[in-house]
Amino acid sequence: MSEDPEPTLSERAPYLKPDDAARALARRLLGESRHAALATVTMPDGQPLATRVALSTLPSGDVVLLLSDLSEHSRALASHPRASLLVGHTAPGDGLRQPRLTLRGHVVRLVPGADEARARARYLARLPEAALYADFADFAFYSLTIVDGLLNAGFARAHQLDRADLCRDPSPEMEAREGAVIRHMNEDHADSLSRIIASQRTTDQTNWRIATLDPLGFEALSDTGDLVRIDFAQGVVKPEGYRHAFVRLAQEAQTKQGKA
């Protein structure tokens, strides 16, 4: 008689089963966070260490970090590459009632090459001020490959998320198209981009540019530094699908504007 399979993290009590709304909130919390609390394990004593780091994301949804070799967390990761990140904004009021996302994963230092160049470009697109020190000899880019996560969306609304809930690995063709799509939207459709964001966020900002793009949506920066994450109605599976995804967002924004 065969044993029942071990339940995945997302099936374990007392957590809620993740749905599309939970996945979208998790993506938004990560996509709109510039900073996170990074938890590592120091060696050889095995003591925990929490520090603050800046972050961006890869097209897959995994995390990009820029760390100094002089930092304690870099030395910890060199010996014990497992780590955890906590992201989420703190607003006035009870912080324990506000959404936050904890991620667990494996951290790898990126060596010069295509992967490192892609991570660097996305990091600096989201955090342009980091260009001041990104080339310092003691700094290097790292990727945190997400294994699973814990989303706390508010009181009694906790979800355990597996990698499949958080990440989608794009094809090389999708990644190759990213830059062209971003340039096209920023240079030729800036007004439409602003209407899309205004239809989904309460903001008085009107000048936006896409910083990073992935098959599930994009992050945009305003000229004053605001950062927003907008999801597509459906994930894009082929490069030519980006056009349809943005057209649909623009049509939805126009409809909302007409009803206002």
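Residues numbered from 1 in each chain as written. Predicted model: local features only at pLDDT ≥ 70, side-chain atom pairs only at ≥ 80, totals over all residues. Heavy atoms only, no water.

Q: Help me understand the layout of surface pockets, please; the structure alone is not making it clear to me.
A: Vacant regions in the atomic arrangement are exposed by a probe of water-molecule size rolled over the atoms. In this model, the largest pocket occupies a volume close to 420 Å³. Along the walls of the largest pocket sit 22 residues, with Asp20, Arg23, Ala24, Arg27 and Asp231 positioned nearest its centre. When residues of the lining of the largest pocket are traced back to their parent elements, those giving at least two are helix H1 (20-31), helix H4 (163-166) and strand E10 (227-231). For the lining of the largest pocket, the leading source of residues is H1, giving seven residues. Tallied by class, the residues present in the lining of the largest pocket amount to ten nonpolar, three polar and nine charged. (1 Å grid on protein atoms, 1.4 Å probe; cavity = no way out; pocket = protein on both sides within 12 Å on 5 of 7 lines; lining within 4 Å. Points joined across faces, edges and corners; volume = space filled by probe spheres on them. Helix = DSSP H or I, 4+ residues; strand = E, 2+ residues; numbered from the N terminus. Nonpolar A, V, L, I, M, F, W, Y, C, P; charged D, E, K, R; others polar.)

Q: Any chance you could explain the confidence of the model for the protein chain here in plain terms?
A: Caution applies to low-pLDDT regions: their predicted coordinates should not be interpreted in detail. Averaged over all residues, the pLDDT of the protein chain equals 91, while 95% of them reach at least 70. Mean pLDDT values for the elements of the protein chain range from 91 in helix H7 (residues 241-259) up to 98 in strand E3 (residues 63-68). (pLDDT = per-residue confidence, 0-100.)

Q: Where do I start with empty space enclosed by the protein in this structure?
A: Evaluated as defined, the whole model comprises one cavity of 30 Å³ or more. Put simply, the largest cavity is a space of about 170 Å³. Contributing to the lining of the largest cavity are 17 residues, with Arg27, Gly61, Leu166, Asp214 and Arg229 lying nearest its centre. Among the elements that line the lining of the largest cavity, the one with the most residues is H1, at three residues. Considered class by class, the residues forming the lining of the largest cavity number eight nonpolar, four polar and five charged.

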